[in-house]
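Each chain is listed here by its residues.
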Amino acid sequence: MIRTALLMVGKDLRLFVRDKVALMLAVLLPLVLVTVFGTIMSGMGGGGGGGGMPAVDLALLDLDDSATSRAMVAALADMDGIDLDVRAPTGDADADRAALRELVHDGDVPFAAVLPPGFGEGAELRLLRDPGRDLSQQLLMIGLVRALFEVRGEDMAWELQNRALAEAGIPEEWMARVEAFTIPFRAAMESLFDDADAAGLLADADADGSAADDDEDADTGPDFQDIMMAVLPVEAEDVLPEGRQSNITYMVSHAVSGMTVMMLMFSLVGFARSLLEERDDGTLRRLLCAPIDVRAILLSKALGSWVVGLGLTLILFVYASMLFDLDVASRWDTLLVISAVTAASTTGFALLIAAVATSDKQADGLSTILILVMSALGGAWMPLLFMPEVVQTAARFTLPFWSIDAYQSTFWNGLHWTDPAVLRNLGVLLAVAAALFVVASRLFRRRYTGAPAR
Amino acid sequence: MTALLAVDGLTFRYGARVAVDAVSFEVRRGEALGLLGPNGAGKTTAISCLCGLLAPAAGALSFDGASFTPHATPAHRARLGVVPQELALYDGLTARENLLFFARLHGVADAQDAVARGLALAGLESRADDRVKTFSGGMKRRLNLAVAALGDPPLTLLDEPMVGVDPQSRNHIFESIERLRADGRGMLYTSHSMDEVERLCDRVAIMDRGTLVATGTAAELAEQAGLPGADLERTFLELTGRSLRDEGGSA
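Note on numbering: residues in each chain are counted from 1, in written sequence order. Written order determines the labels here, with chains lettered from A and ligands numbered from 1. With pLDDT at 70 or above as the cut-off, local features in this predicted model cover only qualifying residues; side-chain atom pairs require 80 or more to be listed or tallied, and sums for whole chains, interfaces and linings still use all residues. Computation of side-chain values covers all heavy atoms of the structure but excludes hydrogens and water.

Caption draft 1: Seen up close, the sheet that holds strand β1 (residues 56-62) of chain A. All names here are of chain A. With mixed pairing, four strands are arranged side by side in an open sheet as β2-β1-β3-β4. Looking along the sheet, the strands with just one partner apiece sit at the ends: β2 (82-87) and β4 (126-129). If you compare each strand with its neighbour and ignore which way they point, the axes differ by 25° on average. Along the sheet, helix α4 (residues 93-105) makes contact with β1, β2, β3 (111-115) and β4, crossing β3 at roughly 160°. In short, DSSP must find at least two bridges between two strands for them to pair. Numbering of helices and strands starts at the N terminus; helices are DSSP runs of H or I of at least 4 residues and strands are runs of E of at least 2. Orientation is described by axes fitted as lines to C-alpha atoms, over the contacting stretch for helices, and by angles from 0 to 180 degrees between their N-to-C directions. Contacts are assigned to residue pairs that have any heavy atoms within 4.5 Å of one another.

Put into structure tokens, the structure is as follows:
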């Protein structure tokens with residue numbers, strides 16, 4: 001039976017490769033999707049990959065035109081997360097403010113900022129915002145705070161202190177008492193920094209950073225997150241699993257895994273549908289009349305589908321390694337094992353579709369619905385951590401979940417395929433593959449040979 | 001002539017419906033038996049039982065005097081060549097690749113030799129390495145027959161093998177079938193074309209509504225129908241009636 005199945009696998013693969021359009025779609029479409037989703041995801045979740053936060057549109061009017069306000073404009077313009085549109089003052093401040101308000105009102109921009117006259121001396125920045133854009137506002141606030149720290153430096157810290165005291169209920173007239181003991185302290189601190197700077201100690205502190213940090217600081221100033229982490233009573237420790245590249249974000253590796261698994265399902269259902277084509281063309285009847293074990297027919301489809309699936313998966317990962325610098329080479333054995341098992345489970349799914357469907361259209365409709373639903377639920381489009389708990393639970397009943405989780409275990413957590421966590425996923429996938437193949441085989445025999453579906 | 005294939009009381013049911021009801025006939029060595037019947041008569045179901053696609057509900061089949069169970073015994077199917085009504089070929093493969101694939105599938109000892117003979121039988125030597133999708137309907141029909149002849153099976157089942165072919169290809173297929181018969185192979189031939197059956201078949205079996213209505217030579221059938229000397233079409237209509245058969249179905 002194996003010899004017969006291999007003979008038919010050879011025929012199927014030859015036909016698959018000869019249909020250039022289908023072959024191109026099978027290979028090209030996943031590559032395009034991996035590229036698009038990977039690029040989109042690289043802009044989410046921070047880290048490398050040229051990402052950071054998505055840009056928020058901000059219109060800005062500088063009515064102060066002081067050195068501080070110009071520095072503020074420059075700082076905001078440098079922010080990756082802010083797409084700044086600087087409006088030139090016309091000389092009529094009221095009209096300029098009204099025009100800015102209209103921009104927000106009309107939905108041309110979600111946010112607008114006015115640097116009022118006296119901004120350099122401490123006047124407050126006025127923010128016009130479109131309510132309901134919570135996420136964008138949070139991103140904008142991060143940028144604004146960073147810019148304010150950059151242009152106002154240590155003044156910002158004292159200002160924050162006074163504002164915090166006011167928020168706590170300290171009357172404004174009592175601020176004189178606060179200043180009575182903070183001003184000498186501030187003067188002493190400034191003197192301390194001047195002495196440290198003169199002694200070259202501050203430069204030594206900078207030198208502790210890496211060359212990359214120095215380059216980054218030269219462009220964008222002190223890292224806000226680093227400053228906050230340094231002054232907060234929190235000790236942070238970066239825990240980078242062995243083997244994970246620091247320049248790869250969770251979203252990129254997830255996008256590559258998710259799109260690979262989803263496209264694999266589409267491709268393999270397409271391959272398994274050749275069973276329906278053979279039935280319509282009459283070649284299946286001829287195969288069934290041949291002196292062979294009919295189980296070899298389905299086995300050949302399974303083997304062919306598995307080979308194609310494994311090949312496509314490996315092509316995608318090699319491509320992703322070139323495009324996103326994903327580390328494939330150092331974990332090739334784990335990727336090979338996960339891909340082999342994923343291709344097997346997906347093959348079982350594809351064969352079941354081919355065995356259940358009675359026409360091409362049925363197979364198309366059924367597979368499209370199931371693949372899209374399983375992909376969405378299973379986290380192929382978006383990591384499950386962004387989804388409600390009920391979806392995270394439902395995900396466990398889908399094939400993509402177990403495959404993507406296995407891939408992420410190696411890409412993100414650096415686990416080897418022999419790790420129990422990965423083995424659990426592989427076990428589930430293999431069990432599902434076996435169950436699907438048995439069901440598909442029985443349905444096939446009942447449908448095409450009149451055998452009871454035992 | 002001795003019976004190559006003997007069918008005795010063949011019965012098949014689709015659920016409660018009896019598609020083939022206790023049909024008995026035989027195909028002798030070197031003989032071509034025409035199996036005729038209106039749509040829904042049970043011809044295709046009967047042939048499906050003979051080539052192993054369906055398991056009969058009742059009846060006995062024998063081949064060369066021995067029990068014949070193609071549905072249960074894959075090796076028994078090697079005794080049959082099947083020409084399905086559809087063009088059961090892989091369009092993406094060349095004529096040679098199609099023949100080679102099926103020759104190997106049938107376990108033909110010298111597959112390359114069988115392929116060469118198949119190409120000659122189909123008259124496709126000059127197009128051997130062209131893909132089937134570039135062939136005309138007639139070329140595909142010729143190749144369809146050549147595939148069935150791979151491995152020199154003693155009996156060939158032909159299910160309307162000449163649908164939609166041009167006169168030249170039709171003639172080539174006729175000659176090919178006659179050549180195979182001359183080699184002593186048996187043929188079971190179904191068609192709606194009375195001309196084809198009259199030209200090719202020694203005897204004719206007529207089925208209607210799942211049962212065998214009559215068997216014999218064309219002249220004997222005309223006698224049975226009370227139309228001595230009538231052509232096969234008149235005889236067929238007399239024996240099966242002139243009412244339309246629009247029931248369709250797989251039988």
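Caption draft 2: Representation of the packing of aromatic side chains in the model. Under the pairing criterion, centres of Phe, Tyr and Trp rings, with the six-membered ring standing for Trp, must be within 6.5 Å; the plane angle then separates stacked pairs below 30 degrees from edge-to-face pairs above 60, leaving the rest tilted. The full count for this structure, using the stated rule, is eight aromatic pairs over all chains. When the centroid spacing of 5.5 Å and the interplanar angle of 55° are considered together, the rings of A:F317 and A:F411 count as tilted. Of this pair, A:F317 sits in helix α14 (residues 295-324) while A:F411 sits in helix α18 (residues 399-411), placing them 94 residues apart in sequence. Accessible area is worked out with a 1.4 Å probe on protein chains only. A residue is then buried under 20% of its type maximum, exposed over 50%, and partly exposed in between. Look at A:F317 and you get buried, because its relative accessible area is 1%. Seen from their ring centres, B:F12 and B:Y14 are 5.0 Å apart, and the 75° between their planes marks the pair as edge-to-face. Taking relative accessible area as the criterion, B:Y14 reaches 28% and is therefore assigned partly exposed. For the cation-ring pair, A:R177 lies above A:W174, with the distance from its terminal atom to the ring centre recorded as 5.2 Å. Two conditions define a charge sitting above a ring: the NZ of Lys or the CZ of Arg must be within 6 Å of the ring centre, and it must be within 35 degrees of the ring normal.

Caption draft 3: Region of the structure containing the environment of B:G92. Considering the arrangement of structural elements, one finds B:G92 in the loop between β6 (80-83) and α2 (95-105). Residues B:G92 and B:V132, spaced 40 residues apart in sequence, show a C-alpha to C-alpha distance of 6.5 Å. When neighbours within four sequence positions are excluded, B:G92 is seen to be in contact with A:L15, A:R18 and B:R131.

Caption draft 4: Structural context of the interface of chain A and chain B. The interface is formed by 23 residues belonging to chain A together with 30 residues belonging to chain B. When two parts are brought into contact, each loses some accessible area as probed by a 1.4 Å sphere; the total of that loss over both is the buried area. When the buried area of chain A at its contact with chain B is split by residue, A:R18, A:R285 and A:R286 rank highest and sum to 32% of it. In the sections that follow, a salt bridge refers to a side-chain nitrogen of Lys or Arg positioned within 4 Å of a carboxyl oxygen of Asp or Glu. The tally of links from chain A across to chain B stands at one salt bridge. For B:E97, the salt bridge is made with A:R14, and the minimal N-O distance between the two is 3.5 Å. Any pair of nitrogen or oxygen atoms within 3.5 Å is treated as a polar contact; in protein, a donor-acceptor pairing is required on top of that, and neighbouring residues in sequence qualify only through side-chain atoms on both sides. If you look at where chain A meets chain B, you find 10 residue pairs in polar contact (both at pLDDT 80 or more).

Caption draft 5: Fine view of the nonpolar core. The term nonpolar core refers to a set of buried residues drawn from Ala, Val, Leu, Ile, Met, Phe, Trp, Tyr and Cys, joined through side-chain atoms within 4.5 Å. With 153 residues, the main nonpolar core has A:I297, A:F349, B:L105 and B:L188 as its most contacted residues. For this core, the leading source of residues is helix α11 (residues 250-272) of chain A, giving 12 residues. The residues contacting B:L105, other than those within four sequence positions of it, are A:T4, A:L7, A:M8, A:L287, A:A290, A:P291 and A:I292. If you look at the next biggest cluster of nonpolar residues, it comprises 22 residues, including A:I82, A:L84, A:L115 and A:A147.

Caption draft 6: Fine view of the side chain of B:H76. All names here are of chain B. Counting through the fold element by element, H76 comes out in the loop between β5 (66-67) and β6. Overall, H76 belongs to the buried group, its relative accessible area being 13%. At 2.9 Å, the side chain of H76 forms a polar contact with the backbone nitrogen of T69. Ignoring any residue separated from it by four or fewer positions in sequence, one finds H76 in contact with S67, F68, T69 and P70.

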